[in-house]
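Each chain, letter by letter, is given below.
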Amino acid sequence: MISSLISGGMCTCGCYERILLGSHLAAEIRAALHKEVGITCCAGISYNKLLAKLVGEQHKPNQQTTLFPHSVPAFMAKLPKARNIPGMDLCILHHDYYI
């Protein structure tokens, strides 16, 4: 799958491979937490912290979601309101930047 994305012109910087590796690491960490401590957790994986946090909220409990760069516009379009985005406080939302 990754090689077809790269050959299709979608990525030449290696971000898909890094996100895929991060997804595998998150799955291993989640499995170890469950096995050793007996707790479950969710994980969101993407190319920046904000997107990872937003996508991690999508599938709860005890699941993980990976968001690749080509899926970001569609994902952001589905968000209900800008105030649901962490870090978007009232000062920002009352300016002309309102999304």
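Residues numbered from 1 in each chain as written. Predicted model: local features only at pLDDT ≥ 70, side-chain atom pairs only at ≥ 80, totals over all residues. Heavy atoms only, no water.

1. Notes on a nonpolar patch on the surface
So, step 1. A surface patch of nonpolar side chains, about 300 Å² in accessible area, is lined by Leu21, Leu25 and Ile29.
So, step 2. Classification of Leu21 by relative accessible area gives exposed; the value is 52%. (Patch = residues over 30% accessible without salt bridge, like charges linked within 9 Å, V, L, I, M, F, W, Y side chains within 5 Å. Areas by Shrake-Rupley, 256 points an atom, 1.4 Å probe, with all protein chains shown as cover. Salt bridge = Lys/Arg side-chain N within 4 Å of Asp/Glu carboxyl O. Buried < 20%, exposed > 50% of the residue type's maximum accessible area, 1.4 Å probe, protein only.)

2. Describing the pattern of salt bridges
So, step 1. In total, this model carries 1 salt bridge according to the counting rule given.
So, step 2. Residues Glu57 and Lys60 are paired through a salt bridge, measuring 3.9 Å at the closest nitrogen-oxygen approach.

3. A word on the environment of Gln63
So, step 1. With respect to the helices and strands, the residue Gln63 is situated in the loop between α3 (49-56) and β2 (64-66).
So, step 2. Separated by 20 residues in sequence, Gln63 and Ala43 place their C-alpha atoms 6.7 Å apart.
So, step 3. Contacts of Gln63, omitting those with residues within four sequence positions, involve Arg30, Cys41, Cys42 and Ala43. (Helix = DSSP H or I, 4+ residues; strand = E, 2+ residues; numbered from the N terminus. Contact = heavy atoms within 4.5 Å.)

4. What about unusual backbone geometry?
So, step 1. Along the chain, Lys60 connects to Pro61 via a cis peptide bond; the corresponding omega equals -5°.
So, step 2. Mapped onto the secondary structure, Pro61 falls in the loop between α3 and β2.
So, step 3. Phi angles above zero are rare outside glycine, and Asn62 is one such case at about 55°.
So, step 4. For Asn62, the location among the structural elements is in the loop between α3 and β2.

5. Topic: the nonpolar core
So, step 1. Residues Cys11, Cys15, Tyr16, Ile19, Ala26, Ala43, Ile45 and Phe68 constitute the largest nonpolar core, which totals 8 residues.
So, step 2. Taken together, the elements giving at least two residues each to this core come down to α2 (15-36) and β1 (43-45).
So, step 3. In terms of residue count, α2 provides more of this core than any other element does, 4 residues in total.
So, step 4. Core analysis: the second largest hydrophobic core is formed by 7 residues, Leu54, Val55, Val72 and Leu79 among them. (Core = buried A, V, L, I, M, F, W, Y, C linked by side-chain atoms within 4.5 Å.)

6. A few points about the side chain of Thr65
So, step 1. Mapped onto the secondary structure, Thr65 falls in strand β2.
So, step 2. Within the structure, Thr65 has its side chain in polar contact with the side chain of His59 (distance 2.6 Å). (Polar contact = N/O pair within 3.5 Å; in protein donor to acceptor, adjacent residues only side chain to side chain.)

7. Examining the confidence of the model for the protein chain
So, step 1. Model confidence for the protein chain is summarised by a mean pLDDT of 80, while 72% of its residues fall at 70 or above.
So, step 2. The low-confidence segment residues 1-9, where pLDDT is below 50, has 10 contacts with residues more than four positions distant or belonging to other chains. (pLDDT = per-residue confidence, 0-100.)

8. Things to note about the state of the cysteines
In protein chemistry, a disulfide is the covalent bond that joins the sulfur atoms of two cysteines.
So, step 1. Enumeration according to the criterion identifies 0 disulfides in this entry.
So, step 2. The thiol of Cys41 is unpaired, and the distance to the nearest cysteine sulfur, on Cys42, comes to 7.0 Å.
So, step 3. With relative accessibility at 23%, the residue Cys41 sits in the partly exposed group. (Disulfide = S-S within 2.5 Å.)

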